[in-house]
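Secondary and tertiary structure notes
Single-letter residue listing:
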Amino acid sequence: MLDRLDPEAIFLEHLAWIEEVAAMVCRRNSVWGDDADDFLSSARSKLMENDYAAIRKFRGEAVMKTYLARVVVLHFMERARERTGRWRPSAAAEAHGQLAKDLEAMVYRDGCRLAEAGERLRTAGRTTATDAELARLLALLPVRHPMRPAEAGAETLEQLPGSRQADHAVEEDEEDAARARVLAALNEALDQLSPEDQMLVRMHLADGRTVADAARALRLDQKSLYRRLPRLKSMLRERMEHAGVTAAEVRETLGRGGTDADE
Amino acid sequence: MDDERVAALHDGRLDAHERDELLSRVLSDDEEYDIFAETAAVLREIEEAHASSPPSSAGADPMGVEPAADVAPHANIARGGHASDDVIPLATHRPPTPEGAAEPRPAEPEPHAGSRDGVISLDSRRRAPRRPWAMYGSIAAGLVGLGLAATLLTRARDTRLDDPAMAVAMLEDGAARGPAAGWNEVVGSSTRGGEANGKQLDPEPLNVQLGAYMVDIELAAASHDTSVVRLSRTIIHLLGQVTLGDSAAKFYGKVDSAAAANPRADVRPLLAQGREAVRSGVIVPEWLELGIWAEAARTAAARHDAGFFRSRRTRALLDRASTLPEMDGDTRAALKAVRAAIPVGGRSLDAKQWDELRRDIAGLLGAAGKF
């Protein structure tokens, strides 16, 4: 604990770092302008509250800057969840880069019109793209619904169809059973992996995070992951097949209504 | 979750047992996982930004401090100093970690967390992981190559080749052998490998050229080839014609300055930032990845590297390229020739066939990139 030290001095000494982390987490999550300033102010207050309790709790087991980064990111996520619910860029936006993530968040999360989003992005120096170019980019992204439900009147609700027909219920039960079987096999395959490998699978294969991020999260050499990740994928697939779950079964379970593009 | 323990996990300061236990806990809690992954991403981006910043004085650490691994966590506190010396260790300061191994810890082991006041001790019982269906779905779909729209994206991401570093990593020995002989030969025009001639290119050949030069500079930088300066200037020129190219150009400008000042300078961190900026700024990446693949493939052909051509990424790239609607007749014919010439399955090539393949790929580059 740092009680014997002056936590205020430590805070001031790391203020530039705190601001850098706050700015980066805002940038990554498409928050800027007044909203970013608000967050920075809130992050400072969070670290100062209760006589710098967060800093006094620091024991020296981690690097101070890493610890502060964790506290700031945690505060950002909690605050974002309180305000807008849980928001994540779509896989398509992730694939198309930061501008796509910004645009998606402004249009689908914040409810901006495209022209308004374009204006804000250009004013903030985030892009020089025209509205037409942004429209082209937006067209590559899936349509998403607002994070908070909109109010619907009784009339709207009355017009909704019943949730399940009897024959659909039987089909859904069968689908649930097949899905549970696939899940159990995958769960078992994942359980055989080390926690580190599970984290790699989760970050890269499930969430589509970059190899660089996965490498940083686990302190691994990035280049080695380019070979390791395909091996992990192949291992998981083999284990599922060994457990009697075929690719066709997974496809059938997950792919109802989809087209087959397997190799 | 104890914030400092997780921070220590990010710092590589936990022993293998503690690390596994904490990772399991993070994996079992979606919200905790989000915070963990986001913190890692924030740290990486800041570290890369610092690594690319010019040092404040000759030979100094870009952040002006020692790497954390060499700092006993309590050393400064014990002597009444501040914790400012506890810094984010830059990736460039640490030797690569062997696969699966934890990073080295500080010389003096820390007392166990559970013995400290106010520390939440780790639960020795491993929680049953809670894995949401969405996560299972993504993994399972990725394993079988499912054709759903959402999973198509997963597959596309898995086989995309819009990162020149990935293309270089696919080469046997990666960049370790440096550029192949004749790698900067003229392909169809004097602009190849030299100063661009100032003409405005259409977006498709522009992206092909950009991708090809980005591979060239990766290979050149790895072997401290003096062509790094010239290549960076060519890339900057090309980026000048890309609507969203300004942010990427600034990183290649730094590469230019660093390599011009010191040919032995390690510009790879700057190149990493440039790559990321290009990927963020290029809205239609299909032609960029064609250029990346073709240039890496030319190097692979020169090295007689059959593995490169048999990789899943190569097959996927060629499939995607063959369906590009904007492709002209010359490029389509060149692509067809390359597809016919590459070694597939158990087929092997003799020296003459490798040379023909290299020329076919050069022809594809010339046609697609309008060099």
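Residues numbered from 1 in each chain as written. Chains lettered and ligands numbered in written order. Predicted model: local features only at pLDDT ≥ 70, side-chain atom pairs only at ≥ 80, totals over all residues. Heavy atoms only, no water.

**Examining the overall build of chain B**
Put simply, the rule reads: Helix and strand labels come from DSSP, where a helix needs a run of H or I of at least four residues and a strand needs a run of E of at least two; each type is numbered from the N terminus. Categorising residues by exposure relies on relative accessible area from a 1.4 Å probe, with only protein chains included: less than 20% of the type maximum marks a residue as buried, more than 50% marks it as exposed, and the intermediate range marks it as partly exposed. In what follows, residue pairs with any heavy atoms lying within 4.5 Å of each other are defined as contacts. Per-residue and other accessible areas were derived by the Shrake-Rupley procedure at a 1.4 Å probe size, with only the shown protein chains allowed to occlude residues.
Summing up its helical and strand segments, chain B has 16 helices and zero strands in all. Here chain B, with 371 residues, has 56% of them falling under the buried criterion. Within chain B, counting contacts between residues at least 6 apart in sequence, those at least 24 apart form 70% of the total. Of the accessible surface of chain B, which amounts to about 14900 Å², a share of 52% is contributed by carbon and sulfur atoms.

**Here's the deal with the overall build of chain A**
Looking only at helices and strands, one finds 14 helices and zero strands in chain A. The linear arrangement of helices and strands in chain A, starting from the amino end, is α-α-α-α-α-α-α-α-α-α-α-α-α-α. The 263 residues of chain A split such that 48% are buried. Of the contacts made within chain A by residues no fewer than 6 positions apart, 64% connect residues no fewer than 24 positions apart.

**Here we look at the packing of helix 15 (residues 329-341) of chain B against helix 16 (residues 351-369) of chain B**
Residues and elements named next belong to chain B. What counts, and what does not: Structural elements are reduced to axes, namely lines fitted to C-alpha atoms, with helices fitted over the stretch in contact, and the angle between N-to-C directions of any two is expressed from 0 to 180 degrees. Working definition: roughly parallel below 35 degrees, roughly antiparallel above 145 degrees, roughly perpendicular at 65 to 115 degrees, and oblique for all remaining angles. Should the near helix be turned anticlockwise from the far one by less than a right angle, the crossing is left-handed, and should it be turned clockwise, the crossing is right-handed. Amino acids outside the nonpolar list (Ala, Val, Leu, Ile, Met, Phe, Trp, Tyr, Cys, Pro) and the charged list (Asp, Glu, Lys, Arg) are all regarded as polar, and Gly is one of them.
Between helix 15 and helix 16, the least distance of the axes is 8 Å, while the angle of their chain directions is 160°. Taken together, the axes of helix 15 and helix 16 are roughly antiparallel relative to one another. As helix 15 runs across helix 16, the sense of the crossing is left-handed. Contact with helix 15, carried on its side by Asp330, Thr331, Ala334, Leu335, Ala337, Val338 and Ala341, involves Leu357, Asp360, Ile361, Gly363, Leu364, Ala367 and Ala368 of helix 16 and no other residues of that element. Grouping the amino acids of the contact of helix 15 with helix 16 by side-chain chemistry returns 10 nonpolar, two polar and two charged.

**What about a negative patch on the surface?**
How we decide: Like charges are joined within 9 Å and nonpolar side chains (Val, Leu, Ile, Met, Phe, Trp, Tyr) within 5 Å, but only among residues with over 30% relative accessible area and no salt bridge; these make up the patches. In the sections that follow, a salt bridge refers to a side-chain nitrogen of Lys or Arg positioned within 4 Å of a carboxyl oxygen of Asp or Glu. Charge counting treats Lys and Arg as positive and Asp and Glu as negative, with His and both chain ends excluded. Lysine's charge is taken at NZ, arginine's at CZ, aspartate's at CG and glutamate's at CD.
Residues Asp34(A), Asp35(A), Asp37(A) and Asp38(A) make up a contiguous surface patch of negative charge. Summarising the element assignment, Asp37(A) is placed in helix 3 (residues 34-56).

**Some words on the nonpolar core**
What counts is decided by this rule: We call a set of buried Ala, Val, Leu, Ile, Met, Phe, Trp, Tyr and Cys residues a nonpolar core when their side-chain atoms join them within 4.5 Å.
Among the nonpolar cores identified, the biggest contains 159 residues, and Leu47(A), Met199(A), Leu210(B), Trp293(B), Phe308(B), Phe309(B) and Leu357(B) are the most heavily contacted of them. By residue number, the principal contributor to this core is helix 8 (residues 203-222) of chain B, which donates 11 residues. Among residues more than four places away in sequence, those in contact with Phe308(B) are Ala167(B), Met170(B), Leu171(B), Trp293(B), Ala296(B), Ala297(B), Ala300(B) and Thr314(B).

**Let's talk about the side chain of Asp256(B)**
Positionally, Asp256(B) belongs in helix 10 (residues 246-261). Overall, Asp256(B) belongs to the buried group, its relative accessible area being 13%.

**Remarks on helix 6 (residues 98-109) of chain A**
Residue and element names in this part refer to chain A. The following threshold applies: Take the number of residues in a helix, subtract one, and multiply by 1.5 Å to get its expected span.
Look at helix 6: 15 Å from first C-alpha to last across 12 residues, which is about the 16 Å you get at 1.5 Å a residue. Among the 12 residues of helix 6, 12 are classified as buried, and the element is accordingly described as predominantly covered. Three or more residues of helix 6 are buried, namely Gln98, Leu99, Ala100, Lys101, Asp102, Leu103, Glu104, Ala105, Met106, Val107, Tyr108 and Arg109. One or two residues past the end of helix 6 sits Gly111, with phi positive at roughly 75°.

**Some remarks on the confidence of the model for chain B**
Residues and elements named next belong to chain B. This is how it is decided: Each residue gets a pLDDT score, which is the predictor's confidence in that residue and runs from 0 to 100.
Averaged over all residues, the pLDDT of chain B equals 70, while 61% of them reach at least 70. Model confidence for chain B, summarised as mean pLDDT per element, is weakest for helix 4 (residues 75-78) at 32 and strongest for helix 1 (residues 3-10) at 93. Contacts of residues 56-130 to residues separated by more than four positions or lying in other chains number 137 contacts, the stretch itself having pLDDT below 50. Counting contacts from residues 145-157, a segment whose pLDDT is below 50, to residues more than four positions away or on other chains yields 33 contacts. This complex was scored by the predictor with a pTM of 0.46 and an ipTM of 0.72.

**Focus on the packing of helix 2 (residues 15-28) of chain A against helix 3 of chain A**
All names here are of chain A. At a minimum axis distance of 10 Å, the contact between helix 2 and helix 3 shows a crossing angle of 135°. Taken together, the axes of helix 2 and helix 3 are oblique relative to one another. As helix 2 runs across helix 3, the sense of the crossing is right-handed. Here Leu15, Ile18, Glu19, Ala22, Val25 and Cys26 of helix 2 lie close against helix 3, whose contacting residues are Ala36, Phe39, Leu40, Arg44 and Leu47. Considering only residue class, the contact of helix 2 with helix 3 consists of nine nonpolar, no polar and two charged.

**A closer look at the packing of aromatic side chains**
Formally: Only Phe, Tyr and Trp rings are paired, with Trp represented by its six-membered ring, and only when their centres lie within 6.5 Å; those with planes under 30 degrees apart are stacked, over 60 edge-to-face, the remainder tilted. For a ring to carry a charge above it, either NZ of a lysine or CZ of an arginine must fall within 6 Å of the ring centroid while also lying within 35 degrees of the normal to the ring plane.
Counting across every chain of the model gives eight aromatic pairs over all chains. Summarising the aromatic geometry, the rings of Phe308(B) and Phe309(B) are spaced 5.3 Å apart at their centres and angled 80° between planes, so their arrangement reads as edge-to-face. When sorted by exposure, Phe308(B) lands in the same class as Phe309(B), which is buried. With centroids separated by 6.0 Å and ring planes inclined at 45°, the aromatic side chains of Phe309(B) and Trp354(B) adopt a geometry described as tilted. You can see Phe309(B) sitting in helix 13 (residues 306-310) and its partner Trp354(B) sitting in helix 16, a full 45 residues away along the chain. According to the relative accessible area criterion, Phe309(B) is buried, its value standing at 1%. The structure contains a cluster of three or more aromatic residues connected by ring pairs, namely Trp293(B), Phe308(B), Phe309(B) and Trp354(B). When the ring centre of Tyr33(B) is taken as origin, the NZ or CZ atom of Arg202(A), which lies over that ring, is 4.0 Å away.

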